[in-house]
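Single-letter residue listing:
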Number of protein chains: 2
Amino acid sequence: MTPQRKTDRRVAYTKLALREALVELMQGQHISGITVKSLCELADINRSTFYLHYRDQYDLLHQIEREVLETLGERLASKQDATDEMFSKGPISLEVMTEILEYARENAALARVLLSENCDFAFQQDIMELAQVVVILPDSSINQRMEDYIVTYGINGCIALAEKWLDEGTIEEPAQVAQLMLQLLYFGTTSFTKG
Amino acid sequence: MTPQRKTDRRVAYTKLALREALVELMQGQHISGITVKSLCELADINRSTFYLHYRDQYDLLHQIEREVLETLGERLASKQDATDEMFSKGPISLEVMTEILEYARENAALARVLLSENCDFAFQQDIMELAQVVVILPDSSINQRMEDYIVTYGINGCIALAEKWLDEGTIEEPAQVAQLMLQLLYFGTTSFTKG
DNA sequence: TTGAAATTCAACACTATGTCCATAAAAATA
DNA sequence: TATTTTTATGGACATAGTGTTGAATTTCAA
């Protein structure tokens, strides 16, 4: 009987080292420009060992992405339960957006890389889907095409804002940034204009 | 006396062929994953000839980018003269935004590639700087950090919207899309809500 | 038509790839 | 602790792209 084999310490270390190496290298270049050799040299892992676990650098990246989404999903689940009663199908709540930004801050280096242009996967969309972002108010009078444009606008604006926030060291509090995002999303820039 | 040597037809053809090959390949993959060899095979140009004109694939891309910015800049110059009197330092005008989108539509394949994630250069920022985007109204009461966040949000939202518009075949008219962008920028999503 | 310029072609050393196998090291288990 | 299983290492291999070179060829402009 082999009751769910525990993960070998060596495997755990190998994966951890390669993960950290990838995040470090992706701070400076796009995933498709990163060689398996450079990854292994930085991680001090034999190149043969790499191929024992991953197909290529994309495979490694995707596995990291999957893990992040899973972890974040679990964190959001509890928060969303609380707000589901109020907004069964409404715009994203301040609580959920704040929770996402708090998670991003706690894993800043990783989050920066995954949101950056050095990441080829459509990771951003996944995050926002996870957050059940419904940008448009339910009683809108516009058609589907317009709505899609507006969602695209809002999601990408928020992601770019988050990336800038991370790049500059997350000076503001997550709740503050979440507040800014939602205000921009719903009321635009003129809501910041001096009366 | 060599009075501005005319460009050799052969050189012109070589550059054109390589340009088109790059745009085609970049529809499917990131610039850093494109090999010089594949470029030359698609363009049916000898690899030695490539190196006669460009250092690598990035060099080729940057030259294209420079050319596009120059051409667009000239087109915007005339439009901006007209609006400069009204908004010496205000938000981007509907005319300028429309002009940008018209140019993008006329060069859709190229524009899609340059705005996509397959392009590593910060091409988007350059375009918006060229358009002298001032997102915030001049009499705003917020500080510099907030203003920067808001500009980032707006620019990236607009670019993502434009990219989607291009990807789907530029069904709407440029003026229509420009109108949508400015409304989102200034008044947010709630301005689309049914009264 | 002729000289100049651009392109082609073959060859070069160099580097990364993905795979393989034998060996060594470490972990899990009896 | 001793043994077995698993994992990591190191070397070798053919393959493919890189950037450069020099000679031959083609095309252009005048």
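Residues numbered from 1 in each chain as written. Chains lettered and ligands numbered in written order. Predicted model: local features only at pLDDT ≥ 70, side-chain atom pairs only at ≥ 80, totals over all residues.

Digging into the protein's contact with DNA strand C
Among the 19 residues in the neighbourhood of DNA strand C, the closest are listed as A:Thr35, A:Lys37, B:Thr14, B:Asn46 and B:Ser48. Secondary structure elements with two or more residues in the surface near DNA strand C: α1 (9–26), α2 (36–43) and α3 (47–53) of chain A together with α1 (9–26) and α3 (47–53) of chain B. Here the surface near DNA strand C is composed, by residue class, of 5 nonpolar, 6 polar and 8 charged. (Near = placed C-beta within 6 Å. Helix = DSSP H or I, 4+ residues; strand = E, 2+ residues; numbered from the N terminus. Nonpolar A, V, L, I, M, F, W, Y, C, P; charged D, E, K, R; others polar.)

Some points on the relation of the copies chain A and chain B
The operation relating chain A to chain B is a screw motion whose rotation component is 180 degrees, with 0.0 Å of axial translation and a residual RMSD of 0.1 Å. The operation mapping one copy onto its partner corresponds to a two-fold rotation axis. When the interface residues of chain A are mapped onto chain B, 100% of them are again interface residues, pointing to one common binding face. (Least-squares fit on C-alpha atoms with pLDDT ≥ 70 in both. Contact = placed C-beta atoms within 7 Å.)

Examining helix α7 (residues 123–130) of chain B
Residues of α7(B) that are buried: B:Phe123, B:Gln124 and B:Ile127. Buried residues of α7(B), seen end-on, are gathered within an arc of 100 degrees and therefore sit on one face of the element. (Buried ≥ 20, exposed ≤ 12 C-beta atoms within 10 Å, placed from the backbone. Arc of directions from axis to C-beta.)

As for the interface of chain A and chain B
Facing 33 residues of chain A, the contacting portion of chain B comprises 33 residues. For the side of chain A that touches chain B, the element with the most residues is helix α8 (residues 144–167) of chain A, which contributes 10 residues. Its residues placed into classes, the side of chain A that touches chain B shows 15 nonpolar, 13 polar and 5 charged.

Points about the packing of α8(A) against helix α8 (residues 144–167) of chain B
With their axes 7 Å apart at the nearest point, α8(A) and α8(B) run at an angle of 140 degrees to one another. Taken together, the axis directions place α8(A) and α8(B) in an arrangement best described as oblique. By crossing handedness, the relation of α8(A) to α8(B) is classed as right-handed. Packed against α8(A), whose contacting residues are A:Tyr149, A:Thr152, A:Tyr153, A:Gly154, A:Asn156, A:Gly157, A:Ala160, A:Leu161 and A:Lys164, the element α8(B) presents B:Tyr149, B:Thr152, B:Tyr153, B:Gly154, B:Asn156, B:Gly157, B:Ala160, B:Leu161 and B:Lys164 at the interface. Residues that form the contact of α8(A) with α8(B) fall into these classes: 8 nonpolar, 8 polar and 2 charged. (Axes fitted to C-alpha atoms, helices over the stretch in contact; angles between N-to-C directions. Parallel < 35°, antiparallel > 145°, perpendicular 65-115°, else oblique. Left-handed = near helix turned anticlockwise from the far one by under 90°.)

So far we have only geometry, and geometry alone does not tell us how the molecule works.
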